[in-house]
Amino acid sequence: MFTLIIREIQDNWVFFIAAAILACAFSFLIGWQIYFINGMQSLPITILLMVNAVCGILIFCGLGAAQMYWDKMKRISALLTTLPVTRNQIFTARIAAGLLAVAIGFLPTVVTITAVSNLIGPSSIPGVGLVNGPTSEVWILIFLLCFASYCVGLQTGWTSNRIIPTLGSLLLSMILTCVIWIKGFELDAYLILIPFIACCLFRAWRTFSTAAL
Amino acid sequence: MSEYAIQTENIVKYFDGRCVLDGIDLKVPQGGIYGLLGRNGAGKTTIIRILLGLEPATRGEASVLGASSWQLPASVLGQIGYVAEGHNLIPNYSVRRIVELYKGLSARWNEQFFRRLLETFRLPMERKVSQLSRGMRAQLNLSLAMATEPKLLILDDPTLGLDTVARRQFLELAIELISQDGRTILFCSHILSDVERLADRIGILRAGKLVVDCELEELKKRVRKLRVIFDGQPPRELPITEIIAEKRQGREMTITVANWNENKQAILNIFKPASYTEIPMALEEIFIECTASGTDAAVDYEQGEPICSR
Amino acid sequence: MNARTGKFINAVAAGFIVLVLYLLVLFSGRYYCFEALMEPMPQEWKKVTICPSGLLPGEGSPNQTKDILTYADAGISNDPNTKLSAVQFELNDFFIRSEAIGISRRYMSYLPRRQLSTKDGFYCFDYGDNYYLLFNKHNGLFVYSYPLYPIGPNSFSKVPPKTLGLSTKTIVKSKIYFAGPNGVSETASASLGRFTEPITDKMFFKEKLGLYEVKQRRFYLIDFDERKVTAGLELASGDKREPVAMGEGDYFTGPGWMPPAAKDVNDEWKTKYTFLSDTIEPNERWIGGSFDYSKRHITVLDKSGQIYEVNTVDWSIRDVGFLPVPRSLFSYGQQNAFAAPRDLLNYQITPVYYTLIRTKGNRSPEVKDVKYFGMCTSSLSREGTALAVAVFDPNGKLVCRGDTKGDGGISTASAVYSRSPMARTTLFLLENLQPVVFEIASYLCGDRIEASAGHRALFILPNSFVGMLGRYDGTKFDREVFLPLLMGPSLILSVWLAFRVRKDATIIGLSGTAKKWWTVGTIAFGLSAYITYRLTRPKETLVTCQNCGNMRRPDMETCHRCGSKWEIPELTPPNWRICD
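Computed from a predicted model, the values in this text were never measured in an experiment.

(A) Quick look at the overall build of chain A. In terms of regular secondary structure, chain A is built from eight helices and zero strands. For chain A, the residues scored as buried account for 51% of the 213 residues in total. Taking contacts inside chain A between residues at least 6 apart in sequence as the whole, the part at least 24 apart equals 80%.

(B) Summary view of the overall build of chain B. Check the secondary structure of chain B and you find ten helices and 17 strands. Considered along the principal axes of its C-alpha atoms, chain B spans approximately 70 × 40 × 40 Å. Counting the 310 residues in chain B, one finds 43% classified as buried. The contacts in chain B between residues at least 6 apart in sequence include a share of 68% that link residues at least 24 apart.

(C) Quick peek at the domain arrangement of chain B. Residue and element names in this part refer to chain B. Entries for chain B in the domain assignment read domain 1 (4-206) and domain 2 (221-309). Centre-to-centre separation of domain 1 and domain 2, based on C-alpha positions: 37 Å. On the side of domain 2, six residues touch domain 1, which itself brings eight residues to the contact. The dominant element in the side of domain 1 that touches domain 2, judged by the number of residues it contributes, is helix α7 (residues 192-198), at three residues. Of the residues assigned to the side of domain 1 that touches domain 2, the class counts are four nonpolar, one polar and three charged.

(D) Representation of the sheet that holds strand β8 (residues 152-156) of chain B. Strand order in the open sheet formed by seven strands is β7(B)-β8(B)-β9(B)-β4(B)-β10(B)-β11(B)-β24(C), with mixed pairing between adjacent strands. Each end of this open sheet is capped by a strand with a single partner; those strands are β7 (80-83) of chain B together with β24 (578-579) of chain C. As judged from the five bridges shared by β8(B) and strand β9 (residues 184-188) of chain B, these two strands associate in the parallel manner. Within β9(B), the position partnered with B:Leu152 by the bridge is B:Thr184.

(E) Expanded view of the interface of chain C and chain B. Across the boundary between the two partners, chain C contributes 18 residues, which contact 25 residues of chain B. Each residue belonging to the side of chain C that touches chain B can be placed in one class, and the counts come to ten nonpolar, three polar and five charged. Two elements, strand β11 (residues 209-215) of chain B and β24(C), share two bridges in a ladder whose sense is parallel. Within β24(C), the residue paired with B:Asp213 across the bridge is C:Cys579.

(F) Main features of the pairing of β8(B). Residues and elements named next belong to chain B. Among the five residues that make up β8, five are buried, leaving the element largely enclosed by the rest of the structure. Side chains Leu152, Ile154 and Asp156 of β8 all project onto a buried face; the interleaved residues Leu153 and Leu155 project onto the opposite face, where all are buried too. Bridge count for β7 against β8 is four bridges, and the pairing is parallel. When the bridges of β8 are listed, glycine 81 appears paired with leucine 153.

(G) Seen up close, helix α8 (residues 187-210) of chain A. Taking 1.5 Å per residue as the helical rise, α8(A) with its 24 residues ought to reach 34 Å, and the 35 Å between its terminal C-alpha atoms agrees with that figure. By the burial criterion, the buried members of α8(A) are A:Ala189, A:Ile192, A:Leu193, A:Phe196, A:Cys199, A:Cys200, A:Leu201, A:Arg203, A:Ala204 and A:Phe208.

(H) Quick peek at unusual backbone geometry. Residue and element names in this part refer to chain B. Notably, aspartate 16 is not glycine yet its phi reads approximately 50 degrees, a positive angle. Even without being glycine, arginine 122 reaches a positive phi, approximately 55 degrees. Of note, arginine 122 is situated in the loop between α4 (111-121) and α5 (134-147). Judged by the 8 C-beta atoms lying within 10 Å of it, arginine 122 is exposed.

(I) Highlighting the sheet that holds strand β16 (residues 306-311) of chain C. All names here are of chain C. Strand order in the open sheet made by the four strands is β13-β15-β16-β17, with antiparallel pairing throughout. The open sheet has two free edges, formed respectively by β13 (243-246) and β17 (317-322), since each of these has just one partner strand. Looking at each pair of strands side by side, their axes are set apart by 35 degrees on average, direction ignored. Across three bridges, β13 lies against strand β15 (residues 297-302) in antiparallel orientation. Considered in β15, the bridge of proline 243 is made with aspartate 302.

(J) Representation of the environment of C:Asp393 in the model. Residue and element names in this part refer to chain C. Here aspartate 393 lies in the loop between β20 (387-392) and β21 (398-403). Each C-alpha atom, one on aspartate 393 and one on serine 53, is 8.9 Å from the other, the two residues being 340 residues apart in sequence. Contact partners of aspartate 393, with chain neighbours within four places excluded, come to Gly54, Gly374 and Val399.

(K) Structural view of the confidence of the model for chain A. Averaged over all residues, the pLDDT of chain A equals 85, while 89% of them reach at least 70. In this model, residues 127-133 of chain A is a region of pLDDT below 50 whose contacts with residues beyond four sequence positions or in other chains number 17 contacts.

(L) Examining the confidence of the model for chain B more closely. All names here are of chain B. Confidence in the prediction of chain B, expressed as mean pLDDT, is 85, and 93% of residues score 70 or more. Taken element by element, the predicted model of chain B shows its lowest mean pLDDT in strand β17 (residues 305-309) (35) and its highest in helix α1 (residues 44-51) (94). For this predicted complex, the interface confidence comes out at an ipTM of 0.91, alongside a pTM of 0.86.

(M) Molecular detail of the nonpolar core. The biggest cluster of nonpolar side chains holds 182 residues, and the ones touching the most others in it are A:Leu145, A:Ala148, A:Cys200, B:Phe187 and C:Ile17. Discounting chain neighbours no more than four positions away, the residues touching B:Phe187 are B:Ile33, B:Tyr34, B:Gly35, B:Leu155, B:Val195, B:Leu198 and B:Ala199. Grouped together as the second largest cluster of nonpolar side chains are 79 residues, C:Ile349, C:Met375, C:Ala413 and C:Ala451 included.

(N) Main features of helix α6 (residues 136-157) of chain A. The terminal C-alpha atoms of α6(A) lie 31 Å apart, and with 22 residues this matches the ideal 32 Å at 1.5 Å per residue to within 8%. Within α6(A), 18 of the 22 residues are buried, leaving the element largely enclosed by the surrounding structure.

(O) Structural detail: the packing of α8(A) against helix α1 (residues 3-38) of chain C. Relative to each other, α8(A) and α1(C) sit at 135 degrees, their axes nearing to 9 Å. When the interaxial angle is binned, α8(A) and α1(C) end up oblique. Pair α8(A) / α1(C) crosses with left-handed handedness. Between α8(A) and α1(C), the contacting residues are A:Ile192, A:Pro195, A:Phe196, A:Cys199, A:Cys200, A:Phe202, A:Arg203 and A:Arg206 on the first element and C:Gly6, C:Ile9, C:Asn10, C:Ala13, C:Ala14, C:Phe16, C:Ile17 and C:Val20 on the second.

(P) The arrangement of the pairing of strand β2 (residues 18-24) of chain B in detail. Residues and elements named next belong to chain B. Summarising the sheet, strand β1 (residues 4-15) and β2 pair through five bridges and their orientation is antiparallel. Paired with valine 12 across the two strands is aspartate 22, which belongs to β2. Here β1 hands over to β2 after two residues, with aspartate 16 in that stretch at a positive phi of 50 degrees.

(Q) Seen up close, the environment of C:Gly305. Residues and elements named next belong to chain C. Its place among the elements puts glycine 305 in the loop between β15 and β16. With 23 C-beta atoms packed within 10 Å, glycine 305 lands in the buried category. In sequence terms glycine 305 and methionine 468 are 163 residues apart; their C-alpha atoms lie 20 Å from each other. In this view, glycine 305 contacts Phe322, Leu323, Phe338, Ala339, Ala340 and Pro341; residues no more than four positions away in its chain are not counted.

(R) Looking closely at the packing of α1(C) against helix α12 (residues 512-536) of chain C. Residue and element names in this part refer to chain C. Their axes nearest at 9 Å, the elements α1 and α12 cross at an angle of 130 degrees. In terms of axis orientation, α1 runs oblique to α12. Classified by chirality, the crossing of α12 by α1 is right-handed. For the pair α1 and α12, contact is made by Asn10, Ala11, Ala14, Gly15, Val18, Leu19 and Tyr22 and by Phe525, Ser528, Ala529, Ile531, Thr532, Leu535 and Thr536, respectively. Split into classes, the residues belonging to the contact of α1 with α12 amount to nine nonpolar, five polar and no charged.

Rules of the game
Residues numbered from 1 in each chain as written. Chains lettered and ligands numbered in written order. Predicted model: local features only at pLDDT ≥ 70, side-chain atom pairs only at ≥ 80, totals over all residues. Helix = DSSP H or I, 4+ residues; strand = E, 2+ residues; numbered from the N terminus. Buried ≥ 20, exposed ≤ 12 C-beta atoms within 10 Å, placed from the backbone. Contact = placed C-beta atoms within 7 Å. Domains from an automatic or database assignment. Nonpolar A, V, L, I, M, F, W, Y, C, P; charged D, E, K, R; others polar. Pairing = 2+ DSSP bridges. Expected span 1.5 Å × (residues − 1). Axes fitted to C-alpha atoms, helices over the stretch in contact; angles between N-to-C directions. pLDDT = per-residue confidence, 0-100. Core = buried A, V, L, I, M, F, W, Y, C linked by C-beta atoms within 7 Å. Parallel < 35°, antiparallel > 145°, perpendicular 65-115°, else oblique. Left-handed = near helix turned anticlockwise from the far one by under 90°.

Here it is as structure tokens:
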């Protein structure tokens, strides 16, 4: 399994580098915004978070689509399944690589902002941490949204047509961002995104496991 | 454990409404080499892909080493080596990377044997697969498949693209491999001399059916090609069943018959031929006779029209 | 997992994905249609002016200079010198975008001094300099902190040094108190008890705090100056009252203003505002506002929409008003009916108090007298298209009521749909693309969804035409006659698509059970089900059956039309075999 995950990372290194750049760039921008400019004032941070989320969606949606598209075009799984590797293992490794990419894209930013916020937080109020800043529910939902867009990419990528995985997955991912716009960061958004992710993963798994390689 | 390494039951496969396999019942016993033959488009590669779980059958069941083909567990996949037609390796990977991938994923890996093969074939490790010649890709593919010490080796036209020397090397390797106990090879090739040299059993695909499935020696015994000379005109229709092919030229009639036996001999004798001689056939000739005509119509070459369809 | 189960789960999964994306697209379309309907609404339609209301001494006076105030979006005037001449409310449709839509709600919660969600465990106002009051959900105590400024050796003052004319470069130390049901202390000890679910006012003045503890059904008054907690009225278990909000801030807002001088008061009101002529000390003054600074009276909003006043001296309760029911497209808002706060997109409660304040040098101002003059309330309808205003006298009796109106005196709830026929028609058609099962649910139980959540709803739409029809206050017969008319396009589309699905399912040989489920599913879920069917239907290429001539599936043993077995004429295998 480790070998398969490493293979996925090596094959799609561009997206992992992009995720790392995303993390570094937004860690710096949001941290700088909080520490030096506006404290925890929300509008600039909200804008930066939204831009962060949109960039993340583009990258991870592209990753999912690319993984499946190139597999089909280069017949990678056709080769791998002749080794002692099942389709389920290939798919699991693919998802693990995708999760890792999303984690690389966001965890450093979350850690940086938490650290910076604690530095400038309203220390006069005991026990109150991030009074006005992005809380854990915001990060979790952005993470889920990016992972959902990755799953959308997985679904649309299994095709020999170049246009469908590119434009189709982007369009569907952009539509999906409306969940955050409409529902905000409340329970309703979780209740939509989590089953959505589960359904996308199931469909992608089923397509992959029943397709001719 | 089943006595058969490969077993299929009524495999049917359609591609876009076109039937390629129409009820294939294939049994490949453990140990030995099975040569699967057929013309282009007969369905050999399709059967192999179904056996390896790369392609779902439209209907029917297949099993390999006791496990269902469509859900082969990793433990069974680790016992299978496969050389694909066209040598499907990831084009943008370097040879080294492919080797590392195989090493990392294989259940067994014989490094010494692999090194020997690499030296024999002189494969460049740093070159990308897409930059290798067809023959080099074939050599790499063979080396990778054999280094995993598979219990079942499936070779789909493995020597395609190999020069004569490389082909000979491969054959020797294959012989070395089968000399190890319990190994089974399923071998598809258009170079029938190689198949004849290696195979114990032969299967021939035609019109979606497995029309031949027996040992090689048995096949040679059961298929007879006779040149029969009559005093006068040869009879319009010989009431001998299982005529594979029939050719007439003047008083001479050449028939190829399956499952030749005493009954058929007796029927021939009724027509009092002036003489008949058996023409010995190598596997290649048998194959050509068995697969020659798509409509299986006997042709009168003098009249230029079909005499009967079988 | 067997093949049949796998196919079923696959269809359900695909259906959910398609449904979510489909509904998101529909929501976006409906949102922009609604914007297009609200945008052209003239300003005069949005205002409700009640003059005279009996609440303001300057009403109708020619010496008054300014109208205004109170908006249905809880904005207030900060100018204490504003001279009010009328009660006026304005429908602010920006509220719908800012408060109802999810991302905006989150953004609005970040605004400075905004109360945090109680699910964070804290809510507080923070004025900086260690001056705050918060409720810590984890230990169940209120925490009050204020700064002390040194004004001499060993002498400190609560009043900021700027007010006393001192240099601002002073060292601040803070005092912290913890308050529980059993008392106030400088340490957070268990003996103070624990509040579990308090509803409190929004703490503009922090020294006194009125609250209602939901679990105990009891009112409390915390006085940090006196360091005491008074346990007050306990609502009996049979008492149907359920307070949901109280005090000051957010929904309880209004301006603070300086009442006019006696000479500026209208003759008609002089008898009412005699106190303005009374002699007061130089350091005393009357101010107008929407709460009792002394906390002797606290306004409480009930779950039913009833508003009552709790007297924290004798712990008596009296009714002082209610939230009026605004108009809707299909309902008319009865005069004396209460509107529950959960059924309103927004509401505002503005009691009118006049308070006599005495300033005490370096101490906090002291309240000498308070007079209550009545209240005005406003309710913004669930759909956000109509505002109702009610004015109550000091005894809680409804004095008058007003509603937003369009041309010809028609309620804005109806008039809003007349401004843009294109937007109205598009909205109607988009609502008809909503799955039938959700439309019926909107009709039957749309009103069970909280008003603001209704604007974020994806599945059940309480603000759709069908949802509004469900709240029609006419006869059931009328409702059920209109329902098919409103749902007509949706029903026609669903049935037609179901017919197509059934026909295709027959051609491709789905089983009877599968055909039945797909047909029912398409009728229930409409276009989204049809899209799901097209995505998940078997993609076998059909071949012609030699027996019946229909198209049949090659992956089946027999023809699903005539039951005949396979014959493949294009393959003519030989009649000989050489097998073991």
